[in-house]
Amino acid sequence: MTTPETVAAALAEYRALLDAHGPTWGEDPILYVKQMTTSAFLTGAELWEAMSAKIAEPGPEGGRLRPIDCDMDEMVRDALGGRVLDNLAALRLTDAGHAFQARAQAVLNGAEFRGTLLIDSARDTVVAVEVDGTRLEIAPRGARLVPITSASEVRVAGERVELTGLTRSALPARLRLRAGFPCRWTVMGEDGQGWYPEGAPPKRDHHGLPYFHGDDLVLDVPAELLTVRVTRGMEYGTAETTVIPAGETVVELTPERIYDAAARGWYGGDMHVHMNWAGDMVGEPALAAAMQHGEDLHVLNLVAGNVSAERVYDREALDHWAGRDLPWSDGTHIARMGVEYRNDLLGHFSVFGVPEPPGRYHTGFLKTVDWPPNGAAAAEFRARGGVVGYGHPFHPPAPGEDDPPGALIGHGRDCDAKEIVADAALGLVDSLDVLNHSSVAATALVYRRLVGAGNRLAVTAGTDGQMSFTRRGNQSAPPGWARVYAKVDGPLSAGSYAEALRRGRTFATTGPWLELAVAAGGGETGGPGETLDLAPGGTVTITARVVGPEAERLELRTADGLLAETSIRPGHTGTELTAELVVTEPTYVMAVVTGGPHPRTMRDDTYACTTPVHLDVAGRHVARPQDVRWCLDWLDLLEAVVRERGTFTSEDQLADHLALYDRARAVYRSRLPG
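A brief structural summary. (Residues numbered from 1 in each chain as written. Predicted model: local features only at pLDDT ≥ 70, side-chain atom pairs only at ≥ 80, totals over all residues. Heavy atoms only, no water.)

### Concerning the sheet that holds strand 9 (residues 159-161)
Across the sheet, which stays open at both edges, the 4 strands sit in the order 6-5-8-9 with antiparallel pairing between neighbours. Two strands close off the open sheet at either side, each with one partner strand: strand 6 (134-138) and strand 9. Between one strand axis and the next, the sheet turns by 30° as a mean value, whatever way the strands run. Strand direction decides the pairing type here: strand 8 (residues 154-156) and strand 9, joined by 3 bridges, are antiparallel. In the strand pairing of strand 9, Arg155 is matched with Arg160. (Pairing = 2+ DSSP bridges. Helix = DSSP H or I, 4+ residues; strand = E, 2+ residues; numbered from the N terminus. Axes fitted to C-alpha atoms, helices over the stretch in contact; angles between N-to-C directions.)

### A few points about the pattern of salt bridges
Considering all chains together, one arrives at 56 salt bridges under this definition. A salt bridge links Arg66 to Asp69; the shortest N-O distance between them is 3.0 Å. By relative accessible area, which is 37% here, Asp69 ends up partly exposed. Taken together, the shared-partner salt bridges in this structure form one network comprising Glu401, Arg448, Arg553, Glu555, Arg557 and Glu565. (Salt bridge = Lys/Arg side-chain N within 4 Å of Asp/Glu carboxyl O. Buried < 20%, exposed > 50% of the residue type's maximum accessible area, 1.4 Å probe, protein only.)

### Things to note about the packing of helix 9 (residues 440-452) against helix 11 (residues 625-645)
Working note: a packed helix pair is described by the angle between its axes plus the distance between those axes. Their axes nearest at 8 Å, the elements helix 9 and helix 11 cross at an angle of 110°. When the axis of helix 9 is compared with that of helix 11, the two are roughly perpendicular. Relative to helix 11, helix 9 is oriented so that their crossing is left-handed. Two secondary-structure elements touch here, helix 9 through Leu445, Val446, Arg448, Arg449, Leu450 and Gly452 and helix 11 through Gln626, Asp627, Trp630 and Cys631. For the contact of helix 9 with helix 11, the residue count by class is 5 nonpolar, 2 polar and 3 charged. (Parallel < 35°, antiparallel > 145°, perpendicular 65-115°, else oblique. Left-handed = near helix turned anticlockwise from the far one by under 90°. Contact = heavy atoms within 4.5 Å. Nonpolar A, V, L, I, M, F, W, Y, C, P; charged D, E, K, R; others polar.)

### A few points about the environment of Glu555
Mapped onto the elements of the fold, Glu555 is located in strand 34 (residues 553-558). A relative accessible area of 10% places Glu555 in the buried class. Each C-alpha atom of the pair Glu555 and Thr594 lies 8.5 Å from the other, and the pair is 39 residues apart in sequence. In this structure Glu555 touches Leu562, Ala564, Glu565, Leu577, Met590, Ala591 and Val592, once residues within four positions along its chain are discounted. Among the polar contacts made by the side chain of Glu555, one reaches the side chain of Arg557 at a distance of 3.4 Å. (Polar contact = N/O pair within 3.5 Å; in protein donor to acceptor, adjacent residues only side chain to side chain.)

### What about the nonpolar core?
Grouped burial of nonpolar side chains is what soluble globular proteins tend to show. Leu302, Ile420, Tyr497 and Tyr668 are the most contacted members of the largest nonpolar core, which totals 118 residues. Top element by residues in this core is helix 11. It accounts for 9 residues. Beyond its immediate stretch of four places on either side in the chain, Tyr497 contacts Tyr267, Gly268, Gly269, Met271, Val299, Phe352, Val484, Ala486, Val488 and Leu492. In this structure, Met234, Leu514, Ile568 and Val583 belong to the second largest nonpolar core, which totals 34 residues. (Core = buried A, V, L, I, M, F, W, Y, C linked by side-chain atoms within 4.5 Å.)

### A few points about helix 5 (residues 285-294)
At 3.6 residues per turn, the α-helix brings residues three or four places apart onto the same side. With 8 of its 10 residues buried, helix 5 lies for the most part within the structure. Of all the residues in helix 5, the buried ones are Pro285, Leu287, Ala288, Ala289, Met291, Gln292, His293 and Gly294. Where helix 5 terminates, the next one or two residues include Asp296, which has phi positive at roughly 50°.

Below is the structure:
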């Protein structure tokens, strides 16, 4: 595949930014940018625990540190608590001297090893450390992360440090891997060290497992006991073997299919994936192609977006391919360039099916104005045929079902989807990524409130996967670890998939296959996104079915809450749940699957849910008063946040936001009785 000249030039520029600045690429150092320097070594939970402990300590003048003021190198040191990692050796400086610690990594034929050194000082004075000729002054009780190689020279106060144990020599061998079609492979030694084909980035997934994609691949490995695994996205299981290679050893493994969605007219997509978004490597179109086909991901939405400043990454790719399938697309795999439109006060939304580059990608960064409202941009994208959905919507743990919206809506620039309650009422947004890398439970609660208040929104999934990171938890996992499956009429295309999303013919999942059907007494049947108009007192029969080894619980929910549920036996391949409902007031029905951690799930939990089947009564749509009032309370809180935290240069700019909220209030009030 030939990379267009403008795209190649942009990728070269990104490599220069990486070389000059490391994984932040020189972005404005707000907190989520500073955190990038820790993601190769810590989980988000580990980092926040270390920061919480630090900001709880009294400052030098009695004050408290803010999270943004924490030294990220020190946070890595504190969170690890003396541990060393495969990619992070340590130089400990004490009053008694210094000590080098590492987990030895195997190297073949004297190859150079590249990693990171944590310089950790327990001394009360400044210590001079020299790494490859660069003098560093380590603050008292301070820490510093420094790139090193197996050929590095490290000195403490002029004394050379022996990097003993950083690497070990291993006898070389070769593996050839075959599955018969593109797959995701893992090759690792007994110590967890990963091995990759030449040119493949050293990717790690949510579980810390190494992986790469392709078929009939050759890689150099040690002549030692290795575990080889192969899978292909959530529709397949995992096959595994162990081998001690000698010379060139061929391993043929094929993962078994668990379900075949495309055979039923359903196609799974990831609506929010970045090829580049800062990071410790540069993502390229060839990598995106290998990942999509290796995961058998039917639809891939690669979004152009900024980080914390003006630069929009992959804008050049969007400029070149806007409105066209990317070159590796075929009859069952569609890749498109899209947009992540971003404002850190109002929320971020992704757009699929962008026919042309937009005139605006973001507002509110670098203290620029938070104007216009997100709804104005969303309306422009939708008028041009784009499908708009809010992504990674909410980050706090889910509050109680009856808690007020103040338990969810933040007051800072935290990129929560604050404006969605207004945009949904005004028909400016098509979907919500209930499946995302952040708080699914909190997002699901907001989704139920929005639908219960009378809004039509499709359930979608967007992982916020970032191909330019090799280690970032589930964000460095392969795209499509969460998917929105859409029922498409006819052949798969960007247009047919977009139409299915708009109609809400969807369910989203971290792995389980989920079906929902509602049958009325007259024989009419509805699936996700469809509407049955019933006479008062009409009865419907609801059937849900789930397939997948990670599923533990299946629920049927209406606007009033839980209708029916069943537990799923471990290892059971298919479970069905049926219930009857007498419908006296408008409502909806949706199916939900939950479960705990599982090797197939790139989160700490399992989740799947459908877009509801809407049950209207005599032409009236659901508008549960409790949910409508909850949305009105949300709008009041949103107005207060925007008045307090918004950046504007004129009263007219603020007035545009307030007018949007007033129009949304009028819609919600019209849905209340009387």
